[in-house]
Amino acid sequence: MSEFKLNKKQHEFLTSKSINTGFVAGLGSGKSYIATLKTIIKKLENPTLTVAYYLPTFPLVRDIAFAKFPEMLSDMNLEYKLNKSDKEIVIKDYGKIIFRSMDNPETIVGYEVFYSVIDECDILKADKMEVAYNKIMARNRQKHPDSIRNQLDVVGTPEGFKWFYKRFVKDINHKTDTLVRASTYDNKHLPAQYISNLEQQYPPNLIKAYLSGEFINLNSETIYSYFDRLIHHKPIEVVGHEVIHAGQDFNYNGCITTLFVIRDNMPMQFGEFISKDTYGVVENLQRFKSHTVVIYPDASGNAHKTNATKTDIEILRRAGFSISVNSKNPRVQDRINSVNALLSHNRFYIDTNKCPRTCEALEQQSYDDKGEPEKYAGAATIDDYTDSIGYFLFYKFPLINRSLSSQDFIV
């Protein structure tokens, strides 16, 4: 396969004969590219057998598999037909590759395959990933006519000491398993400034994980350990007709609104308040009626209703506010990473005198014994404040998109 110009780590993964091979790698290191290539090669070598490609959710199947497989097959001058409804791609004269998501492991039934690869394994929670892996392993039993062993491979970016670490480091079986470690720095053909942009945005712990591909502890004693009242304090007064940006968390008897301006492309938090309900949020925001107010709410507000007829977001929109919200909330860890990235690079300032509860929340919220952000009972609690700022900060200042087109992975 000389035409694919693989680097040493990718070639090691591609040619591994182990029953289970893990490929742990940084962002942009070519893990999805090599997983796609290996899956196609397994299919071409075994036209009478079926192979499978797994991702955590169907949106990722759509965004990654439905894009990368046709692109690579076209580059190989192979005819194919992508059937999105059946989640499979049929290669002329070679048979089909099936795509499955793992967010509902109970649906991984009713078929057999010869080879499987799991991509982005640590996005799922560890317990759900364990169930999905066992289901996938049970499907991976189609018999090869020459009795060649079935293989089940896994690729992903390290997300702390989660499922990937446990399976391929802590509990690795050296007789059957191999772990290949790669980093973003191995890819010499990434877009210009990709690595330097990541280094400028990401906090130090994420650089080790997401660029060097190292398993490290992403959970500190407190979640927002980069926050320092002295370093991140700045007196902030709203001037002129500045746009007001509001993070919004919905809770009955405890709707939390956090208030920001953006200066020099940096968020500056100048206020916070509690409202009984969404109508109270509208009333409290009237003090800024001379300003444009943009609200960044919890996406679940599209479904939650303060009264019988209007959702929370509908109430805010009908009150004349601009709404910036995605169809669903980001992963909690992605939201945390965005906040910490800003804090670690001193690009997020807070008027600590005007935002005492936000400061307490940043200082006090920890991870629970399962490695999840601690949740608190009641309304207007610590996690409500961190959620509120997180909705705004992730929407306006997300980390660099973790997905690249497949040509960006060729090395």
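Coordinates for the structure precede this section.
Residues numbered from 1 in each chain as written. Predicted model: local features only at pLDDT ≥ 70, side-chain atom pairs only at ≥ 80, totals over all residues. Heavy atoms only, no water.

Asks: Requested: an account of the overall build of the protein chain, with residues and values cited.
Replies: Helix and strand counts for the protein chain come out as twelve helices and 14 strands. Expected size for 411 residues packed as a compact globule is a radius of gyration near 22 Å; at 24 Å, the protein chain falls within 12% of this value. Sequence-distant contacts in the protein chain: of pairs separated by 6 or more residues, those separated by 24 or more amount to 71%. As presented, the protein chain carries roughly 18,500 Å² of accessible surface, and 49% of it is formed by carbon and sulfur atoms. Charge separation in the protein chain, taken as the distance between the mean sites of 51 positive and 50 negative side-chain charges, equals 4 Å. (Helix = DSSP H or I, 4+ residues; strand = E, 2+ residues; numbered from the N terminus. Rg over C-alpha atoms; globule rule 2.2 N^0.38 Å. Contact = heavy atoms within 4.5 Å. Areas by Shrake-Rupley, 256 points an atom, 1.4 Å probe, with all protein chains shown as cover. Lys, Arg positive; Asp, Glu negative; His and termini not counted. Charge placed at Lys NZ, Arg CZ, Asp CG, Glu CD.)

Asks: Talk me through the nonpolar core; I want residue IDs and the actual numbers.
Replies: Judged by nonpolar contacts, the single largest core of 34 residues is most densely connected at F23, Y53, F69, I97 and F99. For this core, the elements supplying multiple residues, two or more each, are α1 (8–15), α2 (31–45), β2 (51–55), α3 (58–75), β4 (88–91), β5 (95–101) and β6 (115–118). Examining the composition of this core, we find that seven residues originate from one element, α3, more than from any other. (Core = buried A, V, L, I, M, F, W, Y, C linked by side-chain atoms within 4.5 Å. Buried < 20%, exposed > 50% of the residue type's maximum accessible area, 1.4 Å probe, protein only.)

Asks: Can you explain helix α11 (residues 356–364)? Please cite residues and give values.
Replies: All of the buried residues along α11 are T358, C359, A361 and L362. Along the axis of α11, the buried residues cluster in a sector spanning 160°; they form a single face. Where α11 is buried, its residues touch β10 (255–263), β11 (266–275), β14 (349–350) and α12 (382–396). (Arc of directions from axis to C-beta.)

Asks: Requested: an account of a negative patch on the surface, with residues and values cited.
Replies: Among the surface-exposed residues, D127, D368, D369 and E372 lie close enough to one another that they form a single negatively charged patch. With respect to the helices and strands, E372 occurs in the loop between α11 and α12. A relative accessible area of 32% places E372 in the partly exposed class. (Patch = residues over 30% accessible without salt bridge, like charges linked within 9 Å, V, L, I, M, F, W, Y side chains within 5 Å. Salt bridge = Lys/Arg side-chain N within 4 Å of Asp/Glu carboxyl O.)

Asks: An account of the side chain of D298 is requested, with residue identities and associated values reported.
Replies: By the secondary structure assignment, D298 is in the loop between β12 (293–297) and α9 (312–318). Buried charged residue D298 carries no salt bridge. Nearest counter-charge: R335, at 7.3 Å. In this structure the side chain of D298 is engaged in a polar contact, spanning 2.8 Å, whose partner is the side chain of S300. At a separation of 2.7 Å, a polar atom in the side chain of D298 contacts the side chain of N329. Those residues in contact with D298, other than ones at most four positions away along the chain, are Q248, D249, F250, I313, N329 and Y391. (Polar contact = N/O pair within 3.5 Å; in protein donor to acceptor, adjacent residues only side chain to side chain.)

Asks: Explain the pattern of salt bridges to me, and be specific about the residues and the numbers.
Replies: For the coordinates displayed, the defined rule picks out 17 salt bridges. With a closest N to O distance of 3.5 Å, R331 and E159 form a salt bridge. On the criterion of sequence distance, the pair formed by R331 in the loop between β13 (322–323) and α10 (332–344) and E159 in the loop between β7 (151–156) and α5 (163–170) is long-range, its members being 172 residues apart. Of the charged contacts in the structure, one is a salt bridge between E237 and K354, with a shortest N-O distance of 3.0 Å. Of this pair, E237 sits in the loop between α7 (204–210) and β9 (244–249) while K354 sits in the loop between β14 and α11, and the two are 117 residues apart along the sequence. Classification of K354 by relative accessible area gives partly exposed; the value is 34%.

Asks: Lay out the sheet that holds β14 in plain terms, naming residues and giving numbers.
Replies: Pairing is mixed across the open sheet formed by six strands, whose spatial order is β13-β12-β9-β10-β11-β14. In the strand order of this sheet, the two ends are held by β13 and β14, each with one partner. Contacting β9, β10, β11 and β12, helix α8 (residues 278–285) crosses the sheet at an angle of about 125° to β11. Packed on one face of the sheet, α12 meets β9, β10, β11 and β12 and runs near 35° to β10. (Pairing = 2+ DSSP bridges. Axes fitted to C-alpha atoms, helices over the stretch in contact; angles between N-to-C directions.)

Asks: Can you break down the packing of aromatic side chains residue by residue, with the values?
Replies: In this structure the tally under the stated criterion is 18 aromatic pairs. Here the aromatic rings of F58 and F66 are separated by 6.1 Å at their centres, their planes lie at 80°, and the arrangement is edge-to-face. Using a relative accessible area of 32% as the deciding quantity, one classes F58 as partly exposed. A network of ring pairs unites the aromatic residues F260, Y296, F348, F392, Y395 and F397 as a single cluster. (Phe/Tyr/Trp six-rings, centres within 6.5 Å; stacked < 30°, edge-to-face > 60°.)

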